[in-house]
Amino acid sequence: MKDIQNYVAEAESVCLYAEGNSTTYASDTAEFAVVLQAWNAMTAQAIQMPAFGVSIDRLTREELLHGYWAEFVFPSAHVCAGMPFERLLFKIEPDYRGINLVRCNGGKYEGRCYYLDLREGDMKAFSAAVQPYAG
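Residues numbered from 1 in each chain as written. Predicted model: local features only at pLDDT ≥ 70, side-chain atom pairs only at ≥ 80, totals over all residues. Heavy atoms only, no water.

## Notes on the layout of surface pockets
There is about 250 Å³ of room inside the largest pocket. Trp69, Lys91, Asn100, Val102 and Cys113 are, among the 18 residues lining the largest pocket, the residues nearest its centre. Taken together, the elements giving at least two residues each to the lining of the largest pocket come down to β4 (54-55), α2 (57-63), β6 (83-91) and β7 (98-104). Looking at the lining of the largest pocket, the element that brings in the most residues is β7, giving four residues. When its residues are assigned to classes, the lining of the largest pocket shows 12 nonpolar, four polar and two charged. (1 Å grid on protein atoms, 1.4 Å probe; cavity = no way out; pocket = protein on both sides within 12 Å on 5 of 7 lines; lining within 4 Å. Points joined across faces, edges and corners; volume = space filled by probe spheres on them. Helix = DSSP H or I, 4+ residues; strand = E, 2+ residues; numbered from the N terminus. Nonpolar A, V, L, I, M, F, W, Y, C, P; charged D, E, K, R; others polar.)

## Some thoughts on the packing of aromatic side chains
Tallied over the entire structure, the rule returns eight aromatic pairs. With a centroid separation of 5.4 Å and an interplanar angle of 70°, the aromatic rings of Trp39 and Phe72 are classed as edge-to-face. Pair noted here: Trp39 is in helix α1 (residues 30-42) and Phe72 is in strand β5 (residues 68-80), with a separation of 33 residues, a long-range link. By relative accessible area, Trp39 is classed as buried at 0%. Note on Phe90 and Phe126: the rings are 5.7 Å apart at their centroids and 45° apart in plane angle, and the pair reads as tilted. Highlighted residues: Phe90 in strand β6 and Phe126 in helix α3 (residues 124-130), separated in sequence by 36 residues. With respect to burial, Phe90 and Phe126 carry one shared label: buried. Here the aromatic residues Tyr7, Phe74, Phe85 and Tyr114 are joined through ring pairs into a cluster of three or more. (Phe/Tyr/Trp six-rings, centres within 6.5 Å; stacked < 30°, edge-to-face > 60°. Buried < 20%, exposed > 50% of the residue type's maximum accessible area, 1.4 Å probe, protein only.)

Take a look at the structure:
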């Protein structure tokens, strides 16, 4: 089974959010390449673990209006660990040592999430790399 972080290279775009404002970059842009490179560096040692998080669409959409977020958008649905997704959304918190990936499926952020333990790493370098392109 392929780990969730390996699907990101198949994304058709990435949407970066800053305080509710969003900017989308297609996979053939330099900005997407920066995000993908930062993602690969951040998750190089990551391990996928069972997530405790469950998303409720309304609450996730409310949270998306605050802070920095990134969302990988896929051209079609994928399935990992028995859970389908069309988008993967996560909050960018520089000091976090793990990533709760919220699945969007059928236009809703509902259900169980994926979790990546960054092992000895954190999100500082990823945050610094992508914030200039956000929102």
